[in-house]
Amino acid sequence: MLIVAAVVLFVLWVLFHATGALVNLLWIGIVVLAILWLVGLFRGRSTTV
């Protein structure tokens, strides 16, 4: 019974860390896209003004 509980906890721990890494990658992607959007916005404004 203890081995089964340990395996279940280990799987949950691995899934938790995997989703945490995915969330971190998602945040990094959002930040990169926001920076690219701001650069494009400033370039667009500088060429029109």
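The notes below deal with the structure included here. (Residues numbered from 1 in each chain as written. Predicted model: local features only at pLDDT ≥ 70, side-chain atom pairs only at ≥ 80, totals over all residues. Heavy atoms only, no water.)

**What about the overall build of the chain?**
As a reminder of what qualifies: Here a helix means four or more residues in a row that DSSP labels H or I, a strand means two or more in a row labelled E, and each is numbered from the N terminus. Categorising residues by exposure relies on relative accessible area from a 1.4 Å probe, with only protein chains included: less than 20% of the type maximum marks a residue as buried, more than 50% marks it as exposed, and the intermediate range marks it as partly exposed. Each accessible area is a Shrake-Rupley result for a 1.4 Å probe, and residues are judged covered by the shown protein chains and nothing else.
A count of helices and strands for the chain gives one helix and zero strands. If you line up the chain on its principal axes, its C-alpha atoms span 70 × 5 × 5 Å. In the chain, which comprises 49 residues, the proportion classed as buried is 0%. Counting only carbon and sulfur atoms, one obtains 85% of the accessible surface of the chain, whose full area is about 4,700 Å².

**Brief notes about a nonpolar patch on the surface**
Definition in use: In this scheme, patches are assembled from residues that exceed 30% relative accessible area and form no salt bridge. Like charges are connected within 9 Å, while nonpolar side chains (Val, Leu, Ile, Met, Phe, Trp, Tyr) are connected within 5 Å. Note on definitions: salt bridges are taken to be side-chain nitrogens of Lys or Arg within 4 Å of carboxyl oxygens of Asp or Glu.
Taken together, Ile3, Val4, Val7, Val8, Leu9, Phe10, Val11, Leu12, Trp13, Val14 and Leu15 make up a surface patch of nonpolar side chains, about 1,100 Å² in accessible area. By secondary structure assignment, the location of Leu9 is in helix H1 (residues 2–48). The class for Leu9 is exposed, based on a relative accessible area of 57%.

**Concerning the environment of Phe16**
Mapped onto the secondary structure, Phe16 falls in helix H1. The exposure class assigned to Phe16 is exposed, which follows from its relative accessible area of 60%.

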